[in-house]
Amino acid sequence: MNRAFLSLIPVVLVLSLFTASVSAGSLSDTADGAPTGDTAATAASDAASTEDFADEPEWIEVGNVSGNRHQTFSFCEDLLWNGTLRWDTTFDAAGTNGNLYKAGYSFLNFDKEARDRGIESRFKELELTFWVTEKEIYLIDSLTDQEKELLLEEGTLPENSTLVCCPSDVSDSLQQGEVGRHQSIEHHTDGTVWYRSYSVAYKDFEPRNVLSLVWKQGEGLIGYKKSRTPAGADCLQVWNPEYLDRDVVEFVTVSDSEK
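Residues numbered from 1 in each chain as written. Predicted model: local features only at pLDDT ≥ 70, side-chain atom pairs only at ≥ 80, totals over all residues. Heavy atoms only, no water.

Enquirer: Would you take a moment to explain the state of the cysteines for this structure?
Expert: Here a disulfide denotes one covalent bond, and it connects the sulfur atoms of two cysteines. Per the counting criterion, the structure on display carries zero disulfides. With no disulfide of its own, C76 lies 6.9 Å from the sulfur of C235, the closest cysteine sulfur. Between C166, a free cysteine, and C165, which holds the nearest cysteine sulfur, the sulfur-to-sulfur gap is 6.6 Å. C166 sits in the buried class, given a relative accessible area of 5%. (Disulfide = S-S within 2.5 Å. Buried < 20%, exposed > 50% of the residue type's maximum accessible area, 1.4 Å probe, protein only.)

Enquirer: So what exactly am I meant to see when it comes to the environment of D172 here?
Expert: By the element assignment, D172 lies in the loop between strand 9 (161–165) and strand 10 (180–187). A relative accessible area of 28% places D172 in the partly exposed class. Aside from chain neighbours lying at most four places away, what touches D172 is H182, Q183, S184 and Y198. For D172, the side chain forms a polar contact with the main-chain nitrogen of L174, separated by 2.9 Å. (Helix = DSSP H or I, 4+ residues; strand = E, 2+ residues; numbered from the N terminus. Contact = heavy atoms within 4.5 Å. Polar contact = N/O pair within 3.5 Å; in protein donor to acceptor, adjacent residues only side chain to side chain.)

Enquirer: Any chance you could explain the confidence of the model for the chain here in plain terms?
Expert: Regions with low pLDDT carry predicted coordinates that are not meant to be interpreted in detail. The pLDDT averaged across the chain works out to 75; a share of 69% of its residues lies at or above 70. Per-residue pLDDT, averaged within each element of the chain, yields its smallest value for strand 2 (residues 17–18) (40) and its largest for helix 3 (residues 145–154) (96). Of the regions scoring below 50 in pLDDT, residues 1–67 engages in 183 contacts with residues more than four places distant in sequence or in other chains. Below pLDDT 50 for its whole length, residues 255–259 participates in four contacts with residues either more than four positions away or in separate chains. (pLDDT = per-residue confidence, 0-100.)

Enquirer: Would you explain the pattern of salt bridges in this entry?
Expert: Once their charged atoms are close, side chains differing in charge can pair, the charge on each being opposite to the other. In the structure shown here, the tally under the stated rule is nine salt bridges. As a salt-bridge pair, D88 and R86 come within 2.9 Å of each other at their nearest N and O atoms. The exposure class of R86 is partly exposed, given its relative accessible area of 47%. One continuous salt-bridge network, built from bridges that share partners, spans D78, R122, R228 and D234. (Salt bridge = Lys/Arg side-chain N within 4 Å of Asp/Glu carboxyl O.)

If you want it as structure tokens, here you go:
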């Protein structure tokens, strides 16, 4: 049985919670189709295990909520300076209708060229807050103590929450060039889910505050990109090099032959 489709923050690492397939295994049947004694006991045990996870997300694997997950990601600042960082995902709190996670980094390692030029990062740390329910993942910009209490006890999301991952596509509700916050979620055949958003302050003006998140089925969050403009002004890109590469503007999926 497939218990997960996406894992947002596998808590033994970074905000990587995503999918995991859980197979109950094969049951040997008797001639009349009924399981044998040992098999029946195994089936009963499996059923009990399933009940134990009844309150956990069915499509997101959160991993070991008592631990942390750490991954080495690549990053690029201002589309020019490159390096690596440690992306951490940690379990923050359990709620009635979901779980709260933190993800991000607190230290950047520039490559030799950037170090030789004395480049200093303007993005020295990043912390993202995610609320994970059975079928959805929300990005929360900020969370007061009172809002956190309501979220954990009642599942009430703060106003600055944004749906960034779900089982189906979400189309942009605004027309091109229309004023407002444009958002979309797309599922791709390679098992990735892309969230994209940008703001338009005045009709037909250039978009601002561009944000992209890339999720990978079975792995979790594998890409983050934020910039002031679509061209990449004040841009920070972070990605898992095992699954993604980047060009000047956008993330590009790495094909199996390139891995």
